[in-house]
Structure formats: C-alpha cells, structure tokens
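Residues per chain, in single letters:
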Amino acid sequence: MEKKDIDWANLGFGYLPTDKRFVTNFKNGEWEEGQLVEDDTVTISECACVLQYAQTCFEGLKAYTTEQGKIVVFRPDLNGQRMEDSCKRLEMPVYPKEKFVDAVIKTVQANAAYVPPFGSGATLYVRPYMFGSNAVIGVSPADEYQFRVFTTPVGPYFKGGAKPIYIRVSDFDRAAPHGTGHIKAGLNYAMSLHAIVDAHDKGFAENMYLDPATRTKVEETGGANFIFVTKDNKVVTPKSDSILPSITRRSIIYVAKEYLGLEVEEREVYFDEVKDFAECGLCGTAAVISPVGKINDHGTDICFPSGMDEMGPITKKLYDTLTGIQMGRIDAPEGWIQEIPVE
Ligand code: PLP
Ligand code: COI
C-alpha cells in the first residue's frame, strides 16, 4: 500500500477528507448493516433533531503506525463503551461497542494510505459520531439516526507541539451540575465555543473550567482533562461527575502506577492548590499530553516551576511511556492495542 503524498510533519489539527467513511442508519427500531462510502456529505431533513435540538454525540481516537510498521488503534473498546453511555444519556439508540470497534477497524483499513508513517509526528484521527436524522419539531428524541466514522490525518492539537501552553481560568461554564459534562455530547462543545474564541482573542490557548456549582474545584478544559504533579512527584488528577472520563487520563493513571511506580491521587482538586503543583498538563486523544506552563487567574499568573520552554520531568516520563506504548516501542498492557490488518 502506497502512502499518500502529504507533508506529514507540517500537519496541524485540521480536517482533510480521506477516501472512505463508514455509514449506517437506524430505522424502524434497528441498525442496518452499514457500508463504506465515498460521499463525504450528509443529506438530512431541514428539521432533523440534530439541527434543531443538537441530538448528537461523538468519539475521538487515533490510528498509529508503529515502529514495526503495523497500523494500530488505541483502546477502541473504551471509546465504544463511552459512546454507548453518551447515547443512553441523549435518548439515542446504542450502537453496540463490538460493532463500533468493527466500524473503526473497517474505516481505518480503507484509509490506510492516510495513516502517517512512524516517526512523522502525525497520526490518523478517527471520528465516530451519531445524530438524530429525522424531522422533529416538538422537543423529543428522533426515531431515525445515522452513525458514521470518518478519518483525517492530524498533527499536534496545540501549535508548537510539546511546548508548554498558557491558559486561563474561565468565567464561563462548559457543563452544568447534573448535566451532560460526563458524556461526549456535541452540545458541550457548542457551550465552549464562545469561551474558546474569547480565550484565543486574549492570547490564551485554552480555558480551565472550574466546577459550575461552587467555582472552587478544577474540572477540565474544552477538550482535555488535567494532570498535575506535586513537588514530591505524586500525580494528581481531578475527579468530578461533570468531566469527560478521558481514556488518555485513565491510561496515564495506569502507566504512572504500573510502569513508573508513581503514586497517583484521583480526587477533587481545589483551585487554591494549583499554585503549589510543580507541573501541569492536559491529556486527551487530540492533546496527547500537552504541558501547561502558566495559568492566568483573572490577571494573576500562576507559573509552574517547569516553565514555558519544556515539559516538566514527570510529565515527560508519562508522555514518553504513553506514546511509547502507542507506537509499539514499549510493551502494552493486554488489550490496549488493536492491530488493523492491511494488505
Ligand atoms: N475532556 C474533553 C472535554 C474532551 O473532549 C476530551 C477528548 O476526547 C477529553 C477530555 C479527553 O478524552 P480522551 O482521552 O478519551 O480522548
Ligand atoms: C479528542 O481528543 O478526541 C477530542 O474529541 C477533543 C476535541 C477537542 C478535538
């Protein structure tokens, strides 16, 4: 299989259509078989539930070329499970996680020429998603749905790759107490659009959201969870019912404990504590582990000792181990790596 002629090393986090995408429809109470198609457009009713009432959820995972030249995806079963959870909360039919994994594999396989080569710094981002597709005018769930998977080659989510970023504490909330912050609903991202445009306009790369009920605890950013490192090398990560249960964060916790022998605390993190941490990072599929150098709190900077030039030493160890597992350099725990057969 010949790779596409793409300048892999200079890709940003953008959309570049690839050859095939997976599509299946839910009608009369069941999912049809589904197929790979070339058409990258969607035609639906002007009154589709997704267009009127934002009935949609999505997932994000990546395919990598390993050091051994294999194409693999990272823990797709967990994305399948999270999508089931999102669908249930949004009154959408579940697309079973086994079928989800199968659809991901088929789509990556069909676009293997777009999986960036090992060492290029780029990956193939995989975006499964579902939406209510039939006309709904009274506020109620749709009866018909479409589930799709497309892929797009991507570079780093934040400009500058592994360079520390500068973020701010947001005065806007992305989630409500007892709302939908813990699932991957499109509406959560709509909530964050004004906040991110405003943050970028003011020179910040992201927003640190605090808990919407008391504004005293750290939640997450618009697209990643937080990890902190204490001055005595303990990894601390916020626990909250209104943040997305990041698969990257769950993997980092395991890597920190089992591969690096570090102590890990998953607990409520008060914003007042943040100034005392030695390192801070954002973790997610798109973000991987992006170091945070500074946080602006209403005009006052919290500067981490790791600074604005490089990742802190523990963050770097976590980053190297996690990406080492993803790229086949380090043995993975059982079930983390799914190989994609390619001719
Ligand atoms: N938090 C939010 C709001 C996200 O959108 C994402 C991205 O998926 C994450 C956290 C990280 O989750 P994961 O590591 O599963 O990609
Ligand atoms: C991901 O990391 O997969 C996400 O969905 C986050 C989004 C901000 C791109």
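Scroll up to find the structure this text is about.
What counts as what
Residues numbered from 1 in each chain as written. Chains lettered and ligands numbered in written order. Predicted model: local features only at pLDDT ≥ 70, side-chain atom pairs only at ≥ 80, totals over all residues. Heavy atoms only, no water. Helix = DSSP H or I, 4+ residues; strand = E, 2+ residues; numbered from the N terminus. Rg over C-alpha atoms; globule rule 2.2 N^0.38 Å. Buried < 20%, exposed > 50% of the residue type's maximum accessible area, 1.4 Å probe, protein only. Contact = heavy atoms within 4.5 Å. Areas by Shrake-Rupley, 256 points an atom, 1.4 Å probe, with all protein chains shown as cover. Lys, Arg positive; Asp, Glu negative; His and termini not counted. Charge placed at Lys NZ, Arg CZ, Asp CG, Glu CD. Near = heavy atom within 4 Å. Polar contact = N/O pair within 3.5 Å; in protein donor to acceptor, adjacent residues only side chain to side chain. Core = buried A, V, L, I, M, F, W, Y, C linked by side-chain atoms within 4.5 Å. Pairing = 2+ DSSP bridges. Phe/Tyr/Trp six-rings, centres within 6.5 Å; stacked < 30°, edge-to-face > 60°. Lys NZ or Arg CZ within 6 Å of the ring centre and 35° of its normal. Salt bridge = Lys/Arg side-chain N within 4 Å of Asp/Glu carboxyl O. Nonpolar A, V, L, I, M, F, W, Y, C, P; charged D, E, K, R; others polar. Domains from an automatic or database assignment.

Draft legend 1. Up close: the overall build of the chain. Check the secondary structure of the chain and you find six helices and 17 strands. Here the C-alpha atoms of the chain give a radius of gyration of 20 Å, agreeing with the 20 Å that 2.2 N^0.38 yields for 343 residues. Principal-axis analysis of the C-alpha atoms gives the chain an extent of 55 × 50 × 35 Å. Within the chain, the proportion of its 343 residues that are buried is 53%. Residue pairs at least 24 apart in sequence account for 71% of intrachain contacts in the chain once pairs closer than 6 positions are excluded. For the chain, the accessible area works out to roughly 15500 Å², and carbon and sulfur atoms hold 50% of it. Both charge centroids of the chain, one from 36 positive and one from 49 negative side chains, sit 2 Å from each other.

Draft legend 2. Structural view of the site of ligand 1. Around ligand 1, a shell composed of 17 residues is seen, among which Y189, E220, S246, T248 and T285 lie nearest. A distance of 2.7 Å separates an oxygen atom of ligand 1 from a polar atom in the side chain of R82. At 2.8 Å from an oxygen atom of ligand 1 is found a side-chain nitrogen or oxygen belonging to K184. Relative to its free-state accessible area of 380 Å², ligand 1 is covered by the protein chains to the extent of 97%. If you list the elements that add at least two residues to the shell around ligand 1, you get α5 (247–259) and β14 (279–284).

Draft legend 3. Focus on the nonpolar core. Within the largest apolar cluster, 38 residues are counted, with the highest numbers of intra-cluster contacts made by V108, M130 and F147. Considering each element in turn, this core owes the most residues, six residues, to helix α3 (residues 97–110). In this structure V108 touches A63, I71, V73, V115, L124, V126 and I340, once residues within four positions along its chain are discounted. Judged by nonpolar contacts, the second largest core, of 22 residues, contains V169, F228, V236 and I295.

Draft legend 4. The arrangement of the pairing of strand β15 (residues 288–297) in detail. By the criterion of burial, β15 is predominantly enclosed, with eight of the ten residues buried. Pairing of strand β9 (residues 165–169) with β15 involves four bridges; the strand directions are parallel. Along β15, the bridge assignment pairs Y166 with K294. Looking at chain direction, β14 and β15 are connected through four bridges and run antiparallel. The residue of β15 that forms the bridge with G284 is V288. In this antiparallel pair of consecutive strands, β14 and β15, the connection spans three residues. Between β15 and strand β16 (residues 300–303), which pair antiparallel in sequence order, lie two residues; one of them, H298, sits at a positive phi of approximately 50°.

Draft legend 5. Quick peek at the side chain of T107. Mapped onto the elements, T107 comes out in helix α3. Contact partners of T107, with chain neighbours within four places excluded, come to K20, R21, F22, L36, V149, F150 and T151.

Draft legend 6. Molecular detail of the packing of aromatic side chains. Taken as a whole and judged by the stated rule, the model has 19 aromatic pairs. Between W31 and Y95 the ring centres are 5.0 Å apart and the planes differ by 85°, which places this aromatic pair in the edge-to-face class. Here the residue W31 occupies a position in strand β2 (residues 30–31), and Y95 occupies one in the loop between α2 (76–89) and α3, the gap between them amounting to 64 residues. Of the aromatic side chains, those joined through ring pairs into one cluster are F22, F26, W31, Y95, F100, Y145 and F147. Sitting over the face of the ring of Y166, K294 holds its NZ or CZ atom 4.3 Å from the ring centroid.

Draft legend 7. Representation of the pattern of salt bridges. Here the structure, examined in full by the defined rule, presents 18 salt bridges. Where K70 meets E339, a salt bridge forms, and the shortest distance between an N and an O atom there is 4.0 Å. With K70 in the loop between β5 (61–65) and β6 (71–74) and E339 in strand β17 (residues 337–340), the pair connects residues that are 269 residues apart, well separated along the chain. Given a relative accessible area of 44%, E339 falls into the partly exposed group. Look at the salt bridges and you will find they share partners, linking K234, E263, E265, R267 and E273 into a network.

Draft legend 8. Main features of the site of ligand 2. For ligand 2, the full set of nearby residues is F13, F58, G60, Y125, R127, Y157, K184, G223, T285 and A286. Between ligand 2 and Y125, the relevant distance is 2.6 Å, taken from an oxygen atom to a side-chain nitrogen or oxygen of the residue. For ligand 2, the accessible surface in isolation is 280 Å², of which the surrounding protein chains cover 90%. In the shell around ligand 2, the residues fall into five nonpolar, three polar and two charged. Taken together, domain 1 (8–154) and domain 2 (165–326) each give at least three residues to the shell around ligand 2, which thus spans both.

Draft legend 9. Broad picture of the environment of S306. Inspection of the secondary structure puts S306 in the loop between β16 and α6 (313–326). Take S306: its relative accessible area is 22%, and that puts it in the partly exposed class. Through-space distance from the C-alpha of S306 to that of K294 is 9.5 Å; in sequence the pair is twelve residues apart. Filtering out sequence-adjacent residues up to four positions away, S306 remains in contact with A278, E279 and G312.

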